[in-house]
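Structure at a glance
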Amino acid sequence: MKVLANGGHEGDEPGRSSAAYLIGGQRFEAGTPRLAEAVAAAHAARQRPRCLCLAEGIEMYVARLAGAQEGYVVKRMPGTGSQHAPDCPAYEPLPEASGLGQVLGSAISEDPATGETTLKLDFPLSKIAGRSAAPAAGGYSDSVASSGTRLSLRALLHYLWDQAELTRWHPGFAGKRSWGTVRSHLLRAAEHKIARGDALRGRLYVPEMFSVEERDAINARRLAQWQHAMSAPGRPQQLMLLIGEVKEIVPARYGYRCVIKHVPDQAFAVDEPLYRRLGRRYDAELALWGSADSVHMVTIATFGVSEAGIPALGEMSLMPVTPQWLPIEDSFERQLVERLVAQGRSFIKGLRYNLRRDQCLASATLTDMGSPGPLLFIVPPGLDGTAEPAGLRDVIAQCELPAWTWRPASESMPQLPVPARRRLETDMETT
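Residues numbered from 1 in each chain as written. Predicted model: local features only at pLDDT ≥ 70, side-chain atom pairs only at ≥ 80, totals over all residues. Heavy atoms only, no water.

Looking at the overall build of the protein
Going by this rule: Here a strand is any run of E in DSSP of at least two residues, a helix any run of H or I of at least four, and the numbering for each starts at the N terminus. Burial here depends on accessible area, computed with a 1.4 Å probe over protein chains only, as a share of the maximum for the residue type. Under 20% is buried, over 50% is exposed, and the range in between is partly exposed. Any two residues whose heavy atoms approach within 4.5 Å at even a single point are treated as in contact. Note on areas: Shrake-Rupley with a 1.4 Å probe; residue coverage comes only from the protein chains shown.
Counting secondary structure elements, the protein contains 11 helices and 23 strands. Expressed as a percentage of the 431 residues in the protein, the buried residues total 48%. Long-range pairs, those at least 24 residues apart, make up 64% of the contacts in the protein with a sequence separation of at least 6. Looking at the protein as shown, the accessible area adds up to about 19,400 Å², and 51% of this sits on carbon and sulfur atoms.

A look at the packing of helix H3 (residues 153–163) against helix H4 (residues 179–190)
The test is simple: Axis lines are fitted through C-alpha atoms, for helices just across the contact stretch, and the angle between N-to-C directions can take any value from 0 to 180 degrees. Angles below 35 degrees are treated as roughly parallel, those above 145 as roughly antiparallel, those between 65 and 115 as roughly perpendicular, and all remaining angles as oblique. Ten residue types, Ala, Val, Leu, Ile, Met, Phe, Trp, Tyr, Cys and Pro, are classed as nonpolar, four, Asp, Glu, Lys and Arg, as charged, and the remainder, Gly among them, as polar.
Where H3 contacts H4, the axes come no closer than 8 Å and their chain directions differ by 105°. When the axes of H3 and H4 are compared, the pair comes out roughly perpendicular. Touching Leu160, Trp161 and Gln163 of H3 are Val182, Leu186, Ala189 and Ala190, all from H4. Looking at the contact of H3 with H4, its residues break down into 6 nonpolar, 1 polar and no charged.

Topic: the layout of surface pockets
This is how the line gets drawn: Cavities and pockets were defined on a 1 Å grid built over protein atoms only: a cavity is a set of grid points that admits a 1.4 Å probe from which the probe cannot escape, a pocket is an open set flanked by protein on both sides within 12 Å along at least five of seven lines, and lining residues are those with an atom within 4 Å of any such point. Grid points are joined across faces, edges and corners, and a volume is the space filled by probe spheres set on the points.
If you add up the space inside the second largest pocket, you get close to 560 Å³. In terms of lining residues, the second largest pocket is bounded by 35 residues, among which Arg76, Glu92, Leu100, Leu104 and Gln163 are the most central. Of the residues assigned to the lining of the second largest pocket, the class counts are 16 nonpolar, 9 polar and 10 charged.

Section: the nonpolar core
To keep it simple, the criterion reads: For this analysis, a nonpolar core means a set of buried residues of the types Ala, Val, Leu, Ile, Met, Phe, Trp, Tyr and Cys, connected via side-chain atoms within 4.5 Å.
Within the largest apolar cluster, 37 residues are counted, with the highest numbers of intra-cluster contacts made by Leu151, Leu156, Trp161, Leu186, Leu241 and Ile243. Contributions of two or more residues to this core are made by helix H2 (100–103), H3, H4, strand S15 (240–251), strand S18 (296–305) and strand S19 (311–321). Looking at which element gives the most residues to this core, the answer is H3, with 7 residues. Sequence-distant contacts of leucine 241, that is, excluding residues within four places in its chain, are made with Phe123, Leu125, Leu153, Leu156, Leu200, Arg203, Leu204, Tyr205, Ile300, Ala301, Thr302 and Phe303. Listed in part, the 24 residues of the second largest apolar core include Tyr205, Ile249, Val263 and Val270.

A look at empty space enclosed by the protein
Per the counting criterion, the structure on display carries 3 cavities of 30 Å³ or more. Roughly 160 Å³ of internal volume is contained in the largest cavity. If you go around the largest cavity, you meet 16 residues; those closest to its centre are Arg154, His158, Glu285, Ile328 and Glu329. Elements that contribute at least two residues to the lining of the largest cavity include exactly H3 and S19.

Some thoughts on H4
Given 3.6 residues to a turn, an α-helix orients residues that are three or four positions apart in the same direction. Short version of the rule: Take the number of residues in a helix, subtract one, and multiply by 1.5 Å to get its expected span.
For H4, with 12 residues, the first-to-last C-alpha span of 16 Å sits near the 16 Å given by 1.5 Å per residue. Among the residues making up H4, those that are buried are Trp179, Thr181, Val182, His185, Leu186, Leu187, Ala189 and Ala190. Of the residues flanking the end of H4, it is histidine 192, one or two places downstream, whose phi is positive at about 65°.

Here's the deal with the side chain of glutamate 285
By the element assignment, glutamate 285 lies in helix H8 (residues 283–291). When near neighbours in sequence (up to four residues on either side) are disregarded, glutamate 285 contacts Met297, Leu318, Pro320 and Arg357.

Quick look at helix H9 (residues 331–342)
Heads up, the rule is: The arc refers to the directions leading from the helix axis to the C-beta atoms. Polar contacts here mean pairs of N or O atoms no more than 3.5 Å apart (in protein, one a potential hydrogen donor and the other a potential acceptor; neighbouring residues in sequence count only if both atoms are side-chain atoms).
Here H9 spans 16 Å end to end across 12 residues, near enough to the 16 Å set by a 1.5 Å rise per residue. If you check which residues of H9 are buried, you get Glu333, Leu336, Val337, Leu340 and Val341. Projected onto a plane normal to the axis of H9, the buried residues spread over an arc of 130° and lie on a single side. Between the side-chain oxygen at the start of H9 and the backbone nitrogen of phenylalanine 332 there is a gap of 3.0 Å, and the oxygen is on aspartate 330.

What about the confidence of the model for the protein?
Basically, it comes down to this: Per residue, pLDDT measures the predictor's confidence, with a range of 0 to 100.
For the protein, per-residue confidence averages 85 on the pLDDT scale, and 85% of positions sit at 70 or higher. Considering each helix and strand of the protein separately, the mean pLDDT is smallest for strand S1 (residues 2–4), with a value of 47, and largest for strand S13 (residues 204–205), with 98. When the criterion is pLDDT under 50, residues 5–16 qualifies, and its contacts beyond four places in sequence or with other chains add up to 38 contacts. Here residues 136–146 scores under 50 on pLDDT; set against residues more than four positions off or in separate chains, the count is 31 contacts.

Digging into the packing of aromatic side chains
Both the distance between ring centres and the angle between the ring planes are used here to describe each pair of aromatic rings. The following threshold applies: Any pair of Phe, Tyr and Trp rings, taking the six-membered ring for Trp, is counted once the centres come within 6.5 Å. Such a pair is stacked with planes under 30 degrees apart, edge-to-face with planes over 60 apart, and tilted for the rest.
Summed over the entire model, instances satisfying the criterion amount to 9 aromatic pairs. Taking 5.4 Å as the distance between ring centres and 80° as the angle between the ring planes, the aromatic pair formed by tyrosine 205 and tryptophan 226 counts as edge-to-face. Taken together, the positions of tyrosine 205 in strand S13 and tryptophan 226 in helix H6 (residues 215–226) put the pair 21 residues apart, joining distant regions of the chain. With respect to class, tyrosine 205 is no different from tryptophan 226; both count as buried. The interplanar angle of 90° and the centroid separation of 5.4 Å between the aromatic rings of phenylalanine 268 and phenylalanine 303 together place this pair among those described as edge-to-face. Highlighted residues: phenylalanine 268 in strand S17 (residues 268–270) and phenylalanine 303 in strand S18, separated in sequence by 35 residues. Phenylalanine 268 gets classed as buried once you look at its relative accessible area, which sits at 0%.

So, the sheet that holds strand S21 (residues 364–366)
Let me state the cut-off plainly: Pairing between two strands is assigned when DSSP locates at least 2 bridges connecting them.
Pairing is mixed across the open sheet formed by 5 strands, whose spatial order is S10-S20-S21-S22-S23. Across the chains shown, the open sheet's two edge strands, defined by having one partner strand only, are strand S10 (168–169) and strand S23 (403–406). Across 4 bridges, strand S22 (residues 375–378) lies against S23 in parallel orientation. Counted as the bridge partner of leucine 376 is tryptophan 404 from S23.

With respect to the pattern of salt bridges
Using the following cut-off: Salt bridge, as applied in this entry: a Lys or Arg side-chain nitrogen positioned within 4 Å of an Asp or Glu carboxyl oxygen.
Taken as a whole and judged by the stated rule, the model has 14 salt bridges. With its nearest N and O atoms 2.7 Å apart, the salt bridge here joins aspartate 265 to arginine 215. One end of the pair, aspartate 265, is in the loop between strand S16 (256–260) and S17; the other, arginine 215, is in helix H6, and 50 residues separate them in sequence. Looking at aspartate 265, the relative accessible area reads 35%, which means it is partly exposed.

Here it is, written out as structure tokens:
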């Protein structure tokens, strides 16, 4: 979450509550003309603004931005997201409720002095000619314990999705989260992130929404950005990162190809080893994608561009999402998220990052309860009616929040906790 000094915060969507800050003893609402001046003055005086989502206020900090977004930004202090009110833009669930807790502080470290975040990756962003690495697709293996010291390719996608606030849902977002919105949020989320010594934003390619009228201009901008990944004799090839929606991954005249929506003029080459690994590693995700037309498939991949101008994927990870671009792991999470959206609930979707499939994860956290939580858990059908996934009790104990649990193998989905607004209406009707 970032609250810009111009009054808006990154990731604004209709229906979101606005922020208010205490700066130098004065209250400033997001969007007021004097906010930018007050934030700049607070940075010069090394003052800590306070977010007023709660009566006592919660300390924030001001970072100075450089580059295209030059200016100032008010950000939450590291590790304080769960202290904010659930409907505050700065709120986030406790890291222990998702895979974020495993990587925060080790693979992800934020410097409050500069506002920059350093990311440690477990996959390369360069390639030496004649040398071919063959890691598991997505840089993640189910056969070994995942390390929290570096981000896998999937974990990087989850982190950027979280930072872009695309894991958050509010009824006011309905019908307003297009690919153009997703793209702009992701690009802003990548700002001021450093990976392998370089700015992540310069390495990230997220396709523009395609337009026939703008075809030539879009292609020209794409080719200009891809110049950074062009191979050249005598030097290592720099790789870029792709985040896009997959249209199809199919055999080609030679090898295989991945077609990305909004990039109709240029498919990405996929070699046979990567194609085979995708089928083995992501069989469940691919089956979910094929089971319903409403499920989209998002990919994150490294790629280089040959001297002939052909982009070729290196490593690749897949993430199914709902029509609202909310990530889902299986059909049970799909059912849960669909019900939450249909009932007009506000929530934050949990993400796995580096966690293994058998490790505990809160599928979602409700943010319309008037107080933090509860956490929503789904017990995998592979366990019997009384067993619990690894670490479920520990996570609930650490978070000290109420928990809702659904065991699809033995019961239909339980009734969801009643939101604060509905509880208040019921109380008023009975008095």
